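# Observations on chain architecture
Spelled out from the first residue to the last, the chains are:
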Amino acid sequence: MNKKQSFCMTILFCVLIFGFGAVTLITPDTDYSETENRTLAQMPSFSLETLLDGSFEADYEEYLTDQFVYRDGWIALKTGVERAALRTQINDIYFAQEDYLIEAHTGTFTADQATENIEILSQFVGNYADWFGAGHMTVMIIPNAVDILRDKLPAFASPYDEEEYLSEIKASVSGSTAAADGTVWFDAGEVLRKHSDEEIYYRTDHHWTTLGAFYVYQAWAEACGYVIPDLDTYEIETVTEEFEGTIQSKLGIHTVMDSIKLFQNPDMPSYTVENVGTGESSDSLYDYGALETKSKYDIFLGGNNALTRITTDAGTGRKLLLIKDSYAHCFVPFMLSEFDQIDVLDIRYYNQELSALIEEEGYTDLLFLYNASGFAEDTSLAKLLY
């Protein structure tokens, strides 16, 4: 290569690097990524303190990553190149058998936050052991697809951290006084493994399917002494066959589309749904408008809210506090016949004292339902102790 060619290559390289950087800075920031279904980082505030402690640099790097011009296109290009090179794991996502995209969750279950969250949950269970009493408090951590669908993973994948982490949670909560009779921990993984050949997780999204939720509810109902539903009880309605979830969004390419199914029970009691924060109410657990958006899973309960109150005419005398992440959203409809009131609380968005709510409402039962990676990564669980 002669000097003229070298000079042209250098100029082209500088234009690409600094040109895209300049365009990124002058392009208006985007608040939300519809493709990735998440809020994007915004320009951090500068101060001498944040500069010296390194937080400004870290936040600014995250800002540039999220706001980089044509970001979605670059993600798709990167994924396409890596797939052409026959890579089976990209962006911590396995390209698994039967068109499954499965998150590896590398490092999630060995991080400090994951360990801290076990300690918080164990303390929370111990604090309310006497309040709820034996048989009225359940901890249900749902394994992710990487744990249950191991037979579909590429060769040499090693998804063992999650199973060990779940064992640590079980041991911790079982060591509390509330677990003396062994009923606090519910092993959802044992149930799901029996159905691993069925579609119990979405192929393109991190959630379990309604079918997976049904199997776990069925087993939990039996353990609690509730009416045990049969699959034939429900009228199964496919509301969309064009669902591309959060995992697909991280890759930026199209693979397959998932179906979302609702399990409708004709004998479900009458109920009302209230968003306690806004006061808005509805007579449906489902937000069909979400099917017109990228976030189609939000059809269940309309997505995440701080506190949603469901009041039924089941006449059981039981009131449930459900502390959850979004895995619980498709689980809730199965519970309506067993409780007169179900308060669905997302601790990530709830900023009042939890202890005051529990005392005021006088709940008879508590269910803590998270998915494993969501629990391990949640930075807001300390609010359980307020």
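Refer to the structure above for everything that follows.
Residues numbered from 1 in each chain as written. Predicted model: local features only at pLDDT ≥ 70, side-chain atom pairs only at ≥ 80, totals over all residues. Heavy atoms only, no water.

### Examining the overall build of the protein
- When its secondary structure is counted, the protein shows 13 helices and 14 strands.
- Here the protein holds 386 residues, and the buried ones make up 47% of them.
- A separation threshold of at least 6 residues defines the contact pool for the protein, and within that pool the share at least 24 residues apart is 69%.
- Total accessible area on the protein stands at roughly 18800 Å², and carbon and sulfur atoms take up 53% of it. (Helix = DSSP H or I, 4+ residues; strand = E, 2+ residues; numbered from the N terminus. Buried < 20%, exposed > 50% of the residue type's maximum accessible area, 1.4 Å probe, protein only. Contact = heavy atoms within 4.5 Å. Areas by Shrake-Rupley, 256 points an atom, 1.4 Å probe, with all protein chains shown as cover.)

### Some points on the environment of Glu62
- With respect to the helices, strands and loops of the structure, Glu62 is situated in helix α3 (residues 55-67).
- Here Glu62 falls in the partly exposed class, since its relative accessible area comes to 44%.
- Separated by 22 residues in sequence, Glu62 and Leu40 have C-alpha atoms that sit 9.0 Å apart.

### Observations concerning the side chain of Asp378
- With respect to the secondary-structure elements, Asp378 resides in the segment after α13 (372-377).
- Lacking a salt bridge, the buried Asp378 has Arg348 as its closest oppositely charged neighbour, with an N-O distance of 4.6 Å.
- When near neighbours in sequence (up to four residues on either side) are disregarded, Asp378 contacts Gln113, Asn117, Ile347, Arg348 and Tyr370. (Lys, Arg positive; Asp, Glu negative; His and termini not counted. Salt bridge = Lys/Arg side-chain N within 4 Å of Asp/Glu carboxyl O.)

### Regarding helix α8 (residues 161-174)
- With 14 residues, α8 should reach 20 Å at 1.5 Å per residue; the first-to-last C-alpha distance of 20 Å fits that figure.
- Within α8, the full set of buried residues consists of Glu162, Tyr165, Leu166, Ile169 and Val173. End-on, the buried residues of α8 take up no more than an arc of 100 degrees, which puts them together on one face. In α8, those exposed residues whose orientation departs by more than 90 degrees from the buried face are Glu164 and Ala171.
- Residues of α8 that are buried in the fold lie against α5 (112-127), β6 (137-142), α7 (145-148) and α13. (Expected span 1.5 Å × (residues − 1). Arc of directions from axis to C-beta.)

### Some thoughts on the packing of aromatic side chains
- Under the criterion given, the structure shown has 27 aromatic pairs.
- On the numbers, 5.6 Å between centres and 75 degrees between planes, the contact of Tyr217 with Phe331 is edge-to-face. Here Phe331 lies in the loop between β12 (319-324) and β13 (341-345) and Tyr217 lies in helix α10 (residues 210-224), a separation of 114 residues in the sequence. Here the two residues Tyr217 and Phe331 agree in accessibility, since each one is buried.
- Through a chain of ring-to-ring contacts, the aromatic side chains of Trp208, Phe214, Tyr215, Tyr217, Trp220, Tyr226, Tyr234, Phe263, Tyr327, Phe331, Phe334 and Phe339 assemble into a single cluster.
- If you follow Arg318 out to its NZ or CZ, it ends over the ring of Phe339, 5.7 Å from the centre. (Phe/Tyr/Trp six-rings, centres within 6.5 Å; stacked < 30°, edge-to-face > 60°. Lys NZ or Arg CZ within 6 Å of the ring centre and 35° of its normal.)

Any functional reading would require information that these geometric values do not contain.
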